Amino acid sequence: MKMKTSKCALKARIVLALGLTMLMTLAMLANLAPPVRAEYRPHPSNIEARRWFQDAKFGLFVHWGTYSVLGDGEWVMNNRKIPIAAYDRLPAQFNPTEFDAKEWVALAKATGMKYITITSKHHDGFAMFDSKVSDWDIIDRTPYKKDVLKMLADECRAAGIKLFFYHSHLDWHHPDYFPRGRTGLDSGRANKGEWSKYLDYMDAQLKELLTNYGEIGGIWFDGWWDRPDADWRLEQTYKLIHDLQPQALVGNNHHRRPFAGEDFQMFEKDLPGKNTAGFSGDSVIGDLPLETCETMNNSWGFNINDRKFKSTRELIHYLVRAAGHNANFLLNVGPMPNGQIQPEFVTQLREMGQWLEKNGEAIYGTRGGPVTPRGWGVTTRKGNTVYVHVLDWADEAIALPRLAQRVKSARYLKDGSKADFIEHEYGLLLKIPSRVIDEHDTIIALELVQ
Ligand code: H79
């Protein structure tokens, strides 16, 4: 009898424990569930665009706006607490007479980049294009009066470069961006506004961007994190984009696991899975194409006093490591208010392009390789070829873990000569003679047995 009771009690306890676990799991799922729930099935052209994107590997990020005039980055309005009444003086001083879309696109091409992502609107709300739903734009407020996005779109199309628009959810200038979020609190706006009107305005500008500039690569959203608990109506906005251009790739820098309706996932100033910059603490890698973005010095928008330029070697290593992490690299420049890209950037970009001209085979069209990223370097893969990228290694040979397939042959990318290797039960040993060492990345291509 006693036995029976304790058995019953045990059963009850198990049921209780199971119930609790289920409840906790449900609560966790609810917590993790993205705010967009509708089913999204990407159009075949979108799937194709994702493949193109992953093959492309390298893009140019451009932060350019009326803030460039002050030479203190794109956050200057917030950081220096400049109210709208004063900030509104900037566009009259924005006159990029030296802007040449041809030159920018040619530079991106010479660097080995396949796409450009430019700010159509940053957090200051200023439209760098001809917007009919606002006069806070380049046509209505600047002496330049030309639509730089249109000029760039035309040039990109002619040169076979895809164009993406960075568009800020967050807006420090629009009166209906209310209730306010965590930033832009010193703009001097009245404490009122209609959130749904702001969202209508954002959708109207996106419609312009998806209608007036030909086929575009996609939209790169940012600033969601300013109001993470707000209803951003993302479902409606993403649908608008995909209805107008099904192939357009939607990404959102919300630092979370991707939401439904998104087509790629980006990481700011970090390789996927890392959080050295502090923005990716809540980010979880999903199953979409990946991208990481980084600055050439420490600023996105033009910063006249920022001399902390990364070396060509550092930038190549970032590109290679991104590829080894199965991610694209979006490298940023902040052009000057006169429309030129500062010479310190141009030198590094051209050197990257020269390196890629010789070594692009091991980057473009690849995916992350069979050996996960290591301290010494990474692997990439294309078909039956595995590229071993040795970035930081002092010795004459390097050991890799055993691969799932046998190695048929190996060659050094430096001179195409046959590479020596030994397959052993402990791993794969590769010889690195001094004659094949590359100052940035010594690459060994392994042909695997099918
Ligand atoms: O466009 C570039 C930057 O201007 C933009 N993203 C890149 C691509 C960017 N905006 N903000 N940040 C990067 C980092 C912002 C961090 C903070 Fe916050 C905003 C710290 C405090 C307010 C987000 C919200 C993190 C904590 C609260």
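Now for a look at the structure at hand. (Residues numbered from 1 in each chain as written. Predicted model: local features only at pLDDT ≥ 70, side-chain atom pairs only at ≥ 80, totals over all residues. Heavy atoms only, no water.)

So, the packing of aromatic side chains
One pass over the structure, following the stated rule, counts 31 aromatic pairs. Ring centres of Tyr198 and Tyr201 lie 6.2 Å apart, and the angle between their planes is 40 degrees; this geometry places the pair in the tilted category. Of the two residues, Tyr198 and Tyr201 are both situated in helix α8 (residues 195-211); the distance of three residues between them amounts to about one turn of the helix. Classification of Tyr201 as buried rests on a relative accessible area of 9%. Their ring planes at 85 degrees and their centres at 5.9 Å tell us that Phe309 and Phe345 sit as a pair that is edge-to-face. (Phe/Tyr/Trp six-rings, centres within 6.5 Å; stacked < 30°, edge-to-face > 60°. Helix = DSSP H or I, 4+ residues; strand = E, 2+ residues; numbered from the N terminus. Buried < 20%, exposed > 50% of the residue type's maximum accessible area, 1.4 Å probe, protein only.)

Quick word on the packing of helix α10 (residues 312-324) against helix α11 (residues 343-359)
Here α10 crosses α11 at 50 degrees, and the two axes come no closer than 9 Å. Overall, the two elements α10 and α11 adopt an arrangement that is oblique. Seen along the crossing, α10 lies across α11 with a hand that is right-handed. Contact residues: α10 offers Thr312, Leu315, Ile316, Leu319 and Val320, while α11 offers Gln348, Glu351, Met352, Trp355 and Leu356. Looking at the contact of α10 with α11 residue by residue, the class counts come to seven nonpolar, two polar and one charged. (Axes fitted to C-alpha atoms, helices over the stretch in contact; angles between N-to-C directions. Parallel < 35°, antiparallel > 145°, perpendicular 65-115°, else oblique. Left-handed = near helix turned anticlockwise from the far one by under 90°. Contact = heavy atoms within 4.5 Å. Nonpolar A, V, L, I, M, F, W, Y, C, P; charged D, E, K, R; others polar.)

Considering the site of the ligand
The environment of the ligand is made up of 15 residues, and the closest members are His63, Glu74, His122, Asp222 and Glu268. At a separation of 2.9 Å, an oxygen atom of the ligand approaches a polar side-chain atom of Trp75. Here an oxygen atom of the ligand sits 2.8 Å away from a polar atom, N or O, in the side chain of His122. Its residues assigned to classes, the shell around the ligand shows seven nonpolar, four polar and four charged. (Near = heavy atom within 4 Å. Polar contact = N/O pair within 3.5 Å; in protein donor to acceptor, adjacent residues only side chain to side chain.)

As for the sheet that holds strand β10 (residues 377-382)
Spatial ordering of the open sheet is given by β9-β10-β11-β16-β13, a layout of five strands whose pairing is antiparallel. Each of the sheet's edge strands pairs with one partner strand only, and the pair in question is β9 (367-368) and β13 (407-412). Contacting β9, β10 and β11 (385-390), α10 crosses the sheet at an angle of about 55 degrees to β10. (Pairing = 2+ DSSP bridges.)

Some points on the side chain of Arg180
Mapped onto the elements of the fold, Arg180 is located in the loop between β3 (162-168) and α8. As a buried residue without a salt bridge, Arg180 has its nearest oppositely charged side chain in Asp176, at a separation of 8.1 Å. From its side chain, Arg180 meets the backbone oxygen of Arg189 in a polar contact 3.5 Å long. Ignoring sequence-local partners within four residues, the contact set of Arg180 consists of Pro175, Leu185, Arg189, Ala190, Asn191, Lys192 and Arg227. (Lys, Arg positive; Asp, Glu negative; His and termini not counted. Salt bridge = Lys/Arg side-chain N within 4 Å of Asp/Glu carboxyl O.)

As for the pattern of salt bridges
Using the criterion set out here, one finds 23 salt bridges in the structure. Ionic pairing is found between Asp135 and Arg141, a salt bridge with its closest N-O pair at 3.3 Å. Assessed through its relative accessible area of 28%, Arg141 is described here as partly exposed. The salt bridge partner of Glu423 is Arg406, with a shortest N-O separation of 3.0 Å.

Interpretation note: all reported values are geometric properties and have no functional meaning in isolation.
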